[in-house]
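Single-letter residue listing:
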Amino acid sequence: MKMPDPEQEILDKLPDLTGRLVRLLSKKAVITSEQGRKAFESDGLTAYRQSPMIVALPSSTEEVSEILKICNELNIKVVPRGAGTSLSGGALPLADGLTLGLSKLNKIIDIDYQNRSVVTQCGVTNLAISHAVEDQGFYYAPDPSSQIACTIGGNVAENSGGVHCLKYGLTTNNILGLKMVLMNGDIIELGGKHMQESGYDLIGLVTGSEGLLGVVTEATVRILPKANVVKAMLIGFDDIELAGECVARTIAAGIIPSGMEMMDNMAINAAEDYCQPGYPRDAEAILIAEFDGVESEVDYFTQRVSELAKELGATSISISKSEEERNGFWAGRKAAFPAVGRISPDYYCMDGSIPRKNLPIVLRRMNELSKKYGLRVANVFHAGDGNLHPLILYDANVPGELERAEEFGSDILRLCVEVGGALTGEHGIGVEKRDLMPTMFTKDDLNQQERIKCAFDPAHRLNPGKMFPELHRCSELGKMHIHGGKLLFPDIPRF
């Protein structure tokens, strides 16, 4: 007896799917051509590429709901996609799935200064929220490096952070409410402008779930008033481990900067060549620490950190005297990724987190790994909260270098877990770190996480192949009703 071919079954449904989507959205909002689909074949993690079977571009929550109803009925997998800036392959398409592009949901719905909140559609960029409220003296605190391009929906999916998350928290600490569409098309609302006082923290559960539980279409975010005084410090060290020790001692002293970043010599010089922020080229590492609040508080903290830095032998200490100078200190850090891109044909951006006290140990071990693999690494850290972003430099045109870079990156992540940290700080698991999940979680841990997936998406149709190294039928995890067949995981295509 001939077994059914799951891929052919999906392809047989494509004409029906296409026709129904065109009637719902219009022909321009449904992309089927090979050339059109190529624009969606990769995200910020460009080592992997895969063209989607079809792309749909809805303009409202209601259209998202109807699309998911159709896909649920036809047993079509769905990959939600924001701006495609993910660095873990979280928006990597499926050859037998629909990519749900959410860029048209790009309106700010409501600005409420009395309640210090903004209701925004998921396709609005992170920085656009701050721009919308800056004339009234407010801003949105989470500020990932890609904030000019990344969207709020993607920020929710990855629980994005940024330079100022040390004091003001990650996305999860700045979300008040969410509107979300489940795989069966149901539209649900979690939270709102009020403080949630009872029940499960479903907002916390959804934030960081990487599109596996539902499609977030709107978010109510918290906005903050700008501080009276903001000053930044630029501190140079001739030893990167001493810079790491300065971070640990600062936090141990009860001093919480609004942001505290570190760059090593390679990143310093790349940034200096790129945008001339005035960094000391001979420093092995620099720290950029920012403080905000009232003037007396800011002056006290900058003085204390100066004292700590001097005790550790800092080679230079500068404190911004104007807004222009403060922005200059940050210019090189904000441009670090494109700056490093100029000194190497390719780079592989990692993301892990560690306890701050172990920063000197991890820096030493990463230097050893660099020598082991014969690949340079430029280090750019959210040092204050222990979030590492090593940039492994390689050339994809040299046979074997990409594979060495990937193994180097995996060893860095294993090191993070070994010293008590985690596989990700803000970039998510996606496909990049999926097979490393057992390094951090036991089989029982992973099964329990899958049970949550089953509660929201019983047939595993939303963003399958991400986060979990192995997926089980929901019935295998204790659920009595089976919805759909076995999920197939094709090899991740690499270009």
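Above this text is the structure in question.
Scoring rules and cut-offs
- Residues numbered from 1 in each chain as written.
- Predicted model: local features only at pLDDT ≥ 70, side-chain atom pairs only at ≥ 80, totals over all residues.
- Heavy atoms only, no water.
- Core = buried A, V, L, I, M, F, W, Y, C linked by side-chain atoms within 4.5 Å.
- Buried < 20%, exposed > 50% of the residue type's maximum accessible area, 1.4 Å probe, protein only.
- Contact = heavy atoms within 4.5 Å.
- Axes fitted to C-alpha atoms, helices over the stretch in contact; angles between N-to-C directions.
- Helix = DSSP H or I, 4+ residues; strand = E, 2+ residues; numbered from the N terminus.
- Parallel < 35°, antiparallel > 145°, perpendicular 65-115°, else oblique.
- Left-handed = near helix turned anticlockwise from the far one by under 90°.
- Nonpolar A, V, L, I, M, F, W, Y, C, P; charged D, E, K, R; others polar.
- Salt bridge = Lys/Arg side-chain N within 4 Å of Asp/Glu carboxyl O.
- Lys, Arg positive; Asp, Glu negative; His and termini not counted.
- Polar contact = N/O pair within 3.5 Å; in protein donor to acceptor, adjacent residues only side chain to side chain.
- Patch = residues over 30% accessible without salt bridge, like charges linked within 9 Å, V, L, I, M, F, W, Y side chains within 5 Å.
- Areas by Shrake-Rupley, 256 points an atom, 1.4 Å probe, with all protein chains shown as cover.
- Charge placed at Lys NZ, Arg CZ, Asp CG, Glu CD.

Engineer: Hey, could you run me through the nonpolar core in this one?
Structural biologist: The nonpolar side chains of a soluble globular protein tend to be buried, and buried together. Counting residues in each nonpolar core, the largest one holds 61 residues, and the members touching the most others are Met-262, Leu-287, Leu-359 and Ile-392. Residues in contact with Leu-287, not counting those within four places in the same chain, are Met-233, Leu-234, Ile-235, Phe-237, Ala-243, Cys-246, Val-247, Met-260, Glu-261 and Met-262. In terms of nonpolar packing, the next biggest core, distinct from the first, is built from 30 residues, Val-30, Ile-54, Cys-122 and Met-183 among them.

Engineer: Even after reading the chapter, I still don't get the packing of helix 8 (residues 240–252) against helix 13 (residues 359–373), so can you show me in this structure?
Structural biologist: The packing of two helices is summarised by the inter-axis angle and the distance between the axes. Where helix 8 contacts helix 13, the axes come no closer than 8 Å and their chain directions differ by 155°. Considered as vectors, helix 8 and helix 13 are oriented roughly antiparallel to each other. Helix-helix and strand crossings are classified by hand; for helix 8 and helix 13 the assignment is right-handed. In this structure, helix 8 contributes Ile-240, Glu-241, Gly-244, Glu-245 and Val-247 to the contact, and helix 13 contributes Leu-359, Pro-360, Leu-363 and Arg-364. Its residues placed into classes, the contact of helix 8 with helix 13 shows five nonpolar, one polar and three charged.

Engineer: Help me understand the pattern of salt bridges in this model?
Structural biologist: Oppositely charged side chains can form a pair if their charged atoms are brought close together. A complete count under the given rule lists 28 salt bridges for this structure. Ionic pairing is found between Lys-77 and Asp-96, a salt bridge with its closest N-O pair at 2.9 Å. Taken together, the residues span a long stretch of sequence, with Lys-77 in strand 3 (residues 77–81) and Asp-96 in the loop between strand 3 and strand 4 (97–101) at a distance of 19 residues. On the accessibility criterion, Lys-77 (12% relative accessible area) is buried. A residue is classified by how much of its surface remains accessible, and Asp-96, at 15% relative accessible area, is buried. For the salt bridge of Asp-411 with Arg-414, the shortest nitrogen-to-oxygen distance reads 2.7 Å. Of the two residues, Asp-411 and Arg-414 both sit in helix 14 (residues 401–418), three residues apart, roughly one turn of that helix.

Engineer: Would you mind going over the side chain of Glu-426 with me for this structure?
Structural biologist: Considering the arrangement of structural elements, one finds Glu-426 in the loop between helix 14 and helix 15 (437–440). The buried charged residue Glu-426 lacks any salt bridge partner; its closest oppositely charged side chain belongs to Arg-333, at an N-O distance of 6.3 Å. Within the structure, the side chain of Glu-426 is placed 3.3 Å from the backbone nitrogen of Gly-162, a separation counted as a polar contact. With near-sequence residues (within four places) excluded, Glu-426 lies in contact with Glu-158, Asn-159, Ser-160, Gly-161, Gly-162, Asp-351, His-382, Asn-387 and His-389.

Engineer: How do you make sense of the environment of Val-133 when you look at a structure like this?
Structural biologist: Turning to its location among the elements, Val-133 is positioned in helix 4 (residues 126–133). Residues Val-133 and Asn-463, 330 residues apart in the sequence, show an inter-C-alpha distance of 34 Å. Discounting chain neighbours no more than four positions away, the residues touching Val-133 are Ile-111, Tyr-113, Val-118, Phe-138, Tyr-139 and Ile-223.

Engineer: Quick question: what am I supposed to make of a negative patch on the surface here?
Structural biologist: A cluster of like negative charges, contributed by Asp-5, Glu-7, Glu-9 and Asp-12, occupies part of the molecular surface. The residue Asp-5 is located in the segment before helix 1 (6–25) in this model.

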